[in-house]
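# Tertiary structure, described
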Amino acid sequence: MVSASWINVYFPDGFADGFILRDDNPDSQHLIYDYQNEDSGELETYYLGKYSIINNVLFSDNGTLSFIFNGNKTVSYTKKVKWISSVNLSEDGTLTFEYNNGEAPTVYEKAIKTIKDISLLDDGTFTIIDNQGNEFKKELIWPTSIMLESASEDTPTEEGSGSQKLKVTYNNGDFEYISPPINYIMRTAIDENYHLLILYSDPEKRANLINKASYDGRDDWDDMGSIKSDNGLLIGRNYTYPGT
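Presented here is a report on the structure given in the accompanying data block.

The rules behind the values
Residues numbered from 1 in each chain as written. Predicted model: local features only at pLDDT ≥ 70, side-chain atom pairs only at ≥ 80, totals over all residues. Heavy atoms only, no water. Helix = DSSP H or I, 4+ residues; strand = E, 2+ residues; numbered from the N terminus. Buried < 20%, exposed > 50% of the residue type's maximum accessible area, 1.4 Å probe, protein only. Contact = heavy atoms within 4.5 Å. Areas by Shrake-Rupley, 256 points an atom, 1.4 Å probe, with all protein chains shown as cover. Pairing = 2+ DSSP bridges. Axes fitted to C-alpha atoms, helices over the stretch in contact; angles between N-to-C directions. Salt bridge = Lys/Arg side-chain N within 4 Å of Asp/Glu carboxyl O. Polar contact = N/O pair within 3.5 Å; in protein donor to acceptor, adjacent residues only side chain to side chain. Phe/Tyr/Trp six-rings, centres within 6.5 Å; stacked < 30°, edge-to-face > 60°. Lys NZ or Arg CZ within 6 Å of the ring centre and 35° of its normal.

When its secondary structure is counted, the protein shows 1 helix and 20 strands. A buried classification covers 28% of the 244 residues belonging to the protein. Considering only intrachain contacts with a sequence separation of at least 6, the fraction spanning at least 24 residues in the protein is 21%. Counting only carbon and sulfur atoms, one obtains 53% of the accessible surface of the protein, whose full area is about 16700 Å².

Written as structure tokens, this is what we have:
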């Protein structure tokens, strides 16, 4: 016994009343339609044949593509679909792609470099070691101290014996001076003749004095002149710091 359901189907050269015939086998479905022939005016019946409906599409792990039709009919394609199933990166940077279909993996030997270790020593040695054992080294320099060299290395406790310049010392042991001598008054004194004496910090300044005086075991004082007469009046020279 065959049951039928009517459908309207449009075709470019006319209009037809069509229907689907379904028999007891759900996998056996037929399409038949009645067609009005415009040339003859006759109603003609055409049989198109069986047709199937896709109910599901499946991908297996090995890449097999399968279509499940009505009536549980399955059609599989031998040309399998290939995709990457896993990506692995080893410590030495080797990149490996594995596939779902069992195909031999694709291997890129030491393709990727990554940083494994970074170190910075006190002397400024900066080292980068990558995952393949390669080393990159660079010497970094930075200031460790900035100070006024008031005392020399030979007489470190004697103020005024140094260059009086700003001394910059770097992490690698190098140093440089970055200023002219900075002169300042270390001491003042009044000798037994009531002369005002000034002791400068800059050795070059002391060495080039015009009016030198000896006092307290030193002969590099600047004699500013008497500051007192016999009757007590101040008669010393005018003094302007820094006394250049």
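Next up on the list: the side chain of Ser-66. As for its position among the elements, Ser-66 is in strand β6 (residues 65–69). A residue is classified by how much of its surface remains accessible, and Ser-66, at 11% relative accessible area, is buried. Once you skip the residues sitting within four places of it in the chain, Ser-66 turns out to touch Asn-56, Val-57, Leu-58, Thr-74, Val-75 and Ser-76.

What follows concerns the sheet that holds strand β5 (residues 54–59). In space, the 3 strands of this open sheet follow the order β5-β6-β7, with antiparallel pairing throughout. Only two strands of the sheet have a single neighbouring strand rather than two, namely β5 and β7 (74–77). The sheet shows a mean angle of 20° between the axes of neighbouring strands, taken without regard to direction.

The subject of this paragraph is the pairing of strand β11 (residues 115–120). Judged from the 5 bridges that link them, β11 and strand β12 (residues 125–130) form a sheet pairing that is antiparallel. From the neighbouring strand, Leu-120 faces β12, where its bridge partner is Phe-126. In textbook terms, the turn of a hairpin is the stretch between consecutive antiparallel strands, and for β11 and β12 this stretch comprises 4 residues, one of which, Gly-124, has a positive phi near 95°.

With that settled, the discussion passes to the pattern of salt bridges. In total, this model carries 7 salt bridges according to the counting rule given. Glu-153 serves as the salt-bridge partner of Lys-167, at 3.9 Å between the closest nitrogen and oxygen. In this pair, Lys-167 sits in strand β15 (residues 166–170) while Glu-153 sits in the loop between β14 (143–148) and β15, placing the two residues 14 residues apart along the sequence. In this structure, Arg-218 and Asp-220 form a salt bridge, with 3.0 Å as the shortest nitrogen-oxygen distance.

This brings us to the sheet that holds strand β8 (residues 84–89). Pairing between sheet strands relies on hydrogen bonds along the backbone, with the strands arranged either parallel or antiparallel. Ordered by their spatial adjacency, 3 strands build an open sheet running β8-β9-β10, and the pairing between neighbours is antiparallel. Both edges of this open sheet fall to β8 and β10 (106–108), since each of them pairs with a single strand only. For this sheet, the mean angle separating the axes of adjacent strands, direction not counted, is 10°.

Another aspect to go through is the pairing of strand β17 (residues 185–190). Bridging between β17 and strand β18 (residues 195–200) involves 5 bridges; their strand directions are antiparallel. Bridged to Thr-188 within β18 is Ile-198. The loop that links β17 with its antiparallel partner β18 comprises 4 residues; one of these, Tyr-194, has a positive phi angle of about 60°.

Moving on, we get to the side chain of Thr-125. Along the polypeptide, Thr-125 turns up in strand β12. Assessed through its relative accessible area of 11%, Thr-125 is described here as buried. Among the polar contacts made by the side chain of Thr-125, one reaches the side chain of Glu-139 at a distance of 3.3 Å. If sequence neighbours within four positions are ignored, Thr-125 has contacts with Ser-119, Leu-120, Lys-137, Lys-138 and Glu-139.

Turning our eyes to something else, we now look at the packing of aromatic side chains. For any two aromatic rings, the description comes down to two numbers: the centre-to-centre distance and the angle of the planes. For the structure on display, the rule yields 3 aromatic pairs. Its guanidinium or amino end placed over the ring of Tyr-99, Lys-82 lies 4.2 Å from that ring's centre, counting from NZ or CZ.

This part takes up the environment of Met-224. Mapped onto the elements, Met-224 comes out in strand β20 (residues 218–226). Put simply, Met-224 and Leu-197 are 27 residues apart on the chain and 5.9 Å apart in space, counted from C-alpha to C-alpha.

With that out of the way, let us pick up the environment of Asn-101. Position of Asn-101 relative to the elements: it lies in the loop between β9 (95–99) and β10. Along the sequence, Asn-101 and Val-81 sit 20 residues apart, while their C-alpha atoms lie 8.0 Å from each other. Beyond its immediate sequence surroundings of up to four residues, Asn-101 is in contact with Asn-62 and Lys-82. From its side chain, Asn-101 meets the backbone nitrogen of Glu-103 in a polar contact 3.0 Å long.

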